[in-house]
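Coordinates in review
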Amino acid sequence: MLVPLMLGITLITFTVIHLAPGEPVDMQMAMNPKVGKEARERLTKFYGLDKPLHEQYFTWLGKLARLDLGRSFSSDNRPVLDKIKERLPITLSLNLVALIIEFGLAIPIGVLAAVRRDTILDKGITVVVFLGFAVPTFWLALLLMYFFGVKLNCLPISGLHTLGYESYSWLGRLWDLTKHLVLPICVASFGSFAGVSRYMRSAMLQVIGQDYITTARAKGLSERVVIWKHALRNALLPLITLLGFSIPGLIGGSVIFETIFAIPGMGQLFYQGVMSRDYPVVMGILVIGAFLTLLGNLIADISYALADPRIRQQ
Amino acid sequence: MAMTGLIVVLLLFAVSLMAPFLTPYDPSAINAWDVLQAPSWKHWFGTDELGRDVLTRVLFGARISLKVGFVAVGIAVLLGTLVGLVAGYYGGWVDSLLMRCVDIMLCFPSFFLILAVIAFLNPSIWIIMAVIGLTGWMGVARLVRAEVLAIREMDYIMAARCIGCSDLRIILRHILPNALSPVLVAATLGVAGAILTESALSFLGIGVQPPTPSWGNILTSGKDYIEFAWWLSLFPGKAILITVLAYNLLGEGIRDALDPRTMK
C-alpha cells in the first residue's frame, strides 16, 4: 500500500516541475538574470530535459531512490539533501514541542468543556475555540511580536540566538534559546489547538453517553475516575488519527512561523527556495515533506492498532 | 450565532460591492504628505507607508478575499463532488483508483504544494484561486463518496434503475441532490479556509501582488513597520478574523440545521 502512494507522490511532484510554461530552464533564466550559462547546463542535465517525459521521470526517480536530490542553485551550490538534513531537526523538534503543548492543553480543555456541557465555562471555551479557528497564525505572530517584542521589549523576535551567544555559559545559552523559542512555539502550537480541543469535546460527549459510563457511575466510582479514566481513555482513540492528520498542517505551517521569526528551519529553506526559484530545493522539500506525512500516518495507524484491542484482534 | 454569521457575511458582500462609494479615497493613490499617519477622524484606520488610506485598502481588500474564497471553493466543490460521485457510484477499481489519488494528495502539506506551484508559475489572482481550489477538493470528495455509498443502497435508487433510468440520470437526479447537504457545510467552511490561505500567501508576498490591496499584503507592510505603525497590522488582521469567524459560524449553523441529530 505504501509503495503506490510513494510513487504517486513522486508523480505529482514531477508534474509540478513540468507545470511551468515552456522549459523550466528558460523560465529560470527569465526570472533570474544572475543564472549563468553554467547553471543552465547543469539544470538541463539534472532534469535531462532533452529526453522524453517518461524517461525524465524514471531518471529522476532513480536519483531520488539513491537519495540524490541534486544541488541547490543558490551561490553555495551544496547538495540539497545536506541542506535539508541540517534544517530538518530544527523544524521537527520545534513542531514536536508545539505538538506536545498543543495536545497537553487541548485535551483537558476539551474534556472540561464536555463535562460541563452547556455551562458558562463550556460556552466561554466555545467562543475562544471559534476565535482560535479564525485567527490567521501569521497575524497572531505579528501581534505577539508587537506586544512582547516592541511594547514590552522582553522577548526577542527573530532568530534562535542573540548575537555573540557563544560567550555565554551553557545555562545562559539554554535560557537564550528558550527566550527565542517562546513566541514561535506559541504560534506553532496555536495553529490547530482550536481544532483539537473541539474534537476532544465531541469525542468526549459521545463517550459520556455510552452505557459503560452509566455502569461505571452506577458502580459508585467517583466522578473523577469515571471521567479521567474510563471516559478519557476511550475518547482519546480517535485523537490518534487526528495526530496523523495534523502533521501536514504542522509542516506546512512551519513555512509561516519560520519565515516570520527568521528561524533557520526547513520551512524557511522552502520559502527561500520558492522566492529564488531554487528548483532542486523546492522539489526536494516537497517530496520529503510528503514522505514525512506518509510516515506520520503510518505511525498513527500502528499506534491506533496498539491502543485499541478491537482493531488488534482483526 | 449562525444568524450573526449570516448577517456579517451579507454585510461583507454589501461592503465589497459598495467599496468605491463608502470612502472618499482611492485605494492606490499615493500621498506623500500623509505617510504612516495614526488613525484619526480623517483616516479612521490610519495610513500606510505610501500615505494610502488603510480603511479604503481594507474595504477593497474585501473584494479580493471574497472573490478568492468563492472561486477557489467553487473549483474544489465541483471537482470533489465529481470525484466523489463517480467513485461512490461505480465502486470497484474506479473507486480504489480515485480514493488512492485522494490519499496521495492528502500527503502533501497543502501549503507546501501551493507555494511550490506558485513558484513555478507567475502569481496572479486567477492562478492563486485555481491552485487553492485544486489542492482543496479531497475532503469534499470523501464526504460525497460516503454519502453516495449510503444512498446507492436505497430503495428509490433500485426503483429508478427498474424503470430504466440511465446511470447519468440516477446520479444527477436521484443521488446528487441527496448528497449535497454535507457539501454545503464543507463549502461554507471552505470559504473561510481559502480566505485564510490567500491572506497567508499574500502576506508572504507570493499571493495577490501590490498595488492591488489584499488583507494579506497590507499585513506585509504591517510587519515591516511593526515598530512604528501598529494600525497597519491590527485592522486588516481584524478584518480576516471577523470574516473567517462569520463563515465558520454560518457553516456550523447550516450543519446544525441540516443534521436532525443535533436538533433540540
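Residues numbered from 1 in each chain as written. Chains lettered and ligands numbered in written order. Predicted model: local features only at pLDDT ≥ 70, side-chain atom pairs only at ≥ 80, totals over all residues. Heavy atoms only, no water.

Attention now goes to the overall build of chain B. Within chain B, the regular secondary structure consists of 10 helices and zero strands. In chain B, the order of α-helices and β-strands from amino to carboxyl end is α-α-α-α-α-α-α-α-α-α. Each of the three principal axes of chain B carries a C-alpha extent, and together these read 75 × 45 × 25 Å. By residue count, 52% of the 264 residues in chain B fall in the buried class. Summarising the internal contacts of chain B: among those between residues at least 6 apart in sequence, 70% fall at separations of at least 24. Counting only carbon and sulfur atoms, one obtains 69% of the accessible surface of chain B, whose full area is about 12,000 Å². The positive charge centre, built from 17 side chains, and the negative charge centre, built from 17, are 5 Å apart in chain B. (Helix = DSSP H or I, 4+ residues; strand = E, 2+ residues; numbered from the N terminus. Buried < 20%, exposed > 50% of the residue type's maximum accessible area, 1.4 Å probe, protein only. Contact = heavy atoms within 4.5 Å. Areas by Shrake-Rupley, 256 points an atom, 1.4 Å probe, with all protein chains shown as cover. Lys, Arg positive; Asp, Glu negative; His and termini not counted. Charge placed at Lys NZ, Arg CZ, Asp CG, Glu CD.)

With that settled, consider the overall build of chain A. Helix and strand counts for chain A stand at 14 helices and zero strands. Residue burial in chain A is summarised as follows: out of 314 residues, 45% are buried. A separation threshold of at least 6 residues defines the contact pool for chain A, and within that pool the share at least 24 residues apart is 69%. As displayed, chain A offers around 16,000 Å² of accessible surface, 66% of which is attributable to carbon and sulfur atoms.

A separate point is the environment of Gly159 of chain A. Residue and element names in this part refer to chain A. Structurally, Gly159 is set in the loop between helix 7 (137–151) and helix 8 (170–190). Considering only alpha carbons, one finds Gly159 and Val115, 44 residues apart in sequence, at a separation of 42 Å. Discounting residues that sit within four places of it in the chain, Gly159 has contacts with His180, Phe261, Ala262 and Ile263.

This part takes up the confidence of the model for chain B. Residues and elements named next belong to chain B. Of all residues in chain B, 98% have pLDDT values of 70 or greater, and the mean over the chain is 87. In the model of chain B, helix 4 (residues 110–120) stands out as the element of lowest mean pLDDT, 82, in contrast to helix 2 (residues 54–90), which has the highest, 92. We note a pTM of 0.86 for the whole complex and an ipTM of 0.84 for its interfaces. (pLDDT = per-residue confidence, 0-100.)

Glancing now at the packing of helix 2 of chain B against helix 10 (residues 230–258) of chain B. All names here are of chain B. Interhelical geometry of helix 2 versus helix 10 gives an angle of 35 degrees and a closest axis separation of 11 Å. Here helix 2 runs over helix 10; the crossing is right-handed. Contact with helix 2, carried on its side by Val54, Val58, Leu66 and Phe70, involves Trp231, Leu232, Pro236, Ala239 and Tyr247 of helix 10 and no other residues of that element. Among the residues forming the contact of helix 2 with helix 10, the class breakdown is nine nonpolar, no polar and no charged. (Axes fitted to C-alpha atoms, helices over the stretch in contact; angles between N-to-C directions. Left-handed = near helix turned anticlockwise from the far one by under 90°. Nonpolar A, V, L, I, M, F, W, Y, C, P; charged D, E, K, R; others polar.)

Residues and elements named next belong to chain B. In this model, helix 2 (37 residues) spans 53 Å end to end at C-alpha, consistent with the 54 Å of a helix rising 1.5 Å per residue. The buried fraction of helix 2 amounts to 26 of the 37 residues, a majority that puts the element mostly inside the structure. Of the residues trailing helix 2, Gly91 is marked for its positive phi of about 60 degrees. (Expected span 1.5 Å × (residues − 1).)

In terms of nonpolar packing, the biggest core is built from 140 residues, with Ile84, Phe261 and Phe270 of chain A touching the most fellow members. In terms of nonpolar packing, the next biggest core, distinct from the first, is built from 22 residues, Val111, Met204, Ile227 and Leu250 of chain A among them. (Core = buried A, V, L, I, M, F, W, Y, C linked by side-chain atoms within 4.5 Å.)

With that settled, the discussion passes to unusual backbone geometry. Pro211 of chain B follows Pro210 of chain B through a cis peptide bond whose omega is 10 degrees. Relative to the helices and strands, Pro211 of chain B resides in the loop between helix 8 (167–203) and helix 9 (215–224). Even without being glycine, Asp118 of chain A reaches a positive phi, approximately 65 degrees. Within the secondary structure, Asp118 of chain A is located in the loop between helix 5 (80–115) and helix 6 (120–134).

Attention now moves to the pattern of salt bridges. Taken as a whole and assessed by the stated rule, the structure comprises 10 salt bridges over all chains. Taken together, the salt bridges that share partners define one network made up of Asp48, Arg52 and Arg57 of chain B. (Salt bridge = Lys/Arg side-chain N within 4 Å of Asp/Glu carboxyl O.)

This brings us to helix 9 of chain B. Buried residues dominate helix 9 of chain B, accounting for seven of its 10 residues. For helix 9 of chain B, the full list of buried residues reads Trp215, Gly216, Asn217, Ile218, Leu219, Ser221 and Gly222 of chain B. If you follow the buried residues of helix 9 of chain B, they end up packed against helix 7 of chain A together with helix 1 (2–22), helix 2, helix 8 and helix 10 of chain B.

Here we come to the packing of helix 5 of chain A against helix 9 (residues 193–208) of chain A. Residues and elements named next belong to chain A. Interaxial distance between helix 5 and helix 9 falls to 7 Å at its minimum, and their mutual angle equals 40 degrees. Comparing their axes, helix 9 and helix 5 come out oblique. Handedness of the crossing formed by helix 5 with helix 9: right-handed. For the pair helix 5 and helix 9, the contacting residues are Glu102, Phe103, Leu105, Ala106, Ile107, Ile109, Gly110, Val111, Ala113, Ala114 and Val115 in the first and Phe193, Val196, Ser197, Met200, Arg201, Met204, Leu205 and Ile208 in the second. (Parallel < 35°, antiparallel > 145°, perpendicular 65-115°, else oblique.)

Position of Ser197 of chain A among the secondary structure elements: in helix 9. If sequence neighbours within four positions are ignored, Ser197 of chain A has contacts with Ala106, Ile109, Gly110 and Val129 of chain A.

What follows is about the interface of chain B and chain A. Of the residues lining the interface, 44 residues belong to chain B; the matching set on chain A comes to 51 residues. Carbon and sulfur atoms make up 84% of the surface buried where chain B meets chain A, a total of about 4,100 Å² over both sides. Three residues stand out in chain B for area buried against chain A, namely Cys107, Phe112 and Phe120 of chain B, and they jointly supply 20% of the buried area on that side. The interface formed by chain B and chain A contains zero salt bridges. Counting across the interface, chain B meets chain A through three residue pairs in polar contact (both at pLDDT 80 or more). (Buried area = accessible area lost by both parts, 1.4 Å probe. Polar contact = N/O pair within 3.5 Å; in protein donor to acceptor, adjacent residues only side chain to side chain.)

The next thing to look at is the packing of aromatic side chains. Residue and element names in this part refer to chain B. By the definition in use, this model includes 12 aromatic pairs over all chains. Aromatic side chains Phe70 and Tyr247 sit 6.3 Å apart centroid to centroid with 70 degrees between the ring planes, which places their arrangement in the edge-to-face category. In this pair, Phe70 is assigned in helix 2 and Tyr247 in helix 10, connecting sequence segments 177 residues apart. Overall, the relative accessible area of 39% leaves Phe70 in the partly exposed class. (Phe/Tyr/Trp six-rings, centres within 6.5 Å; stacked < 30°, edge-to-face > 60°.)

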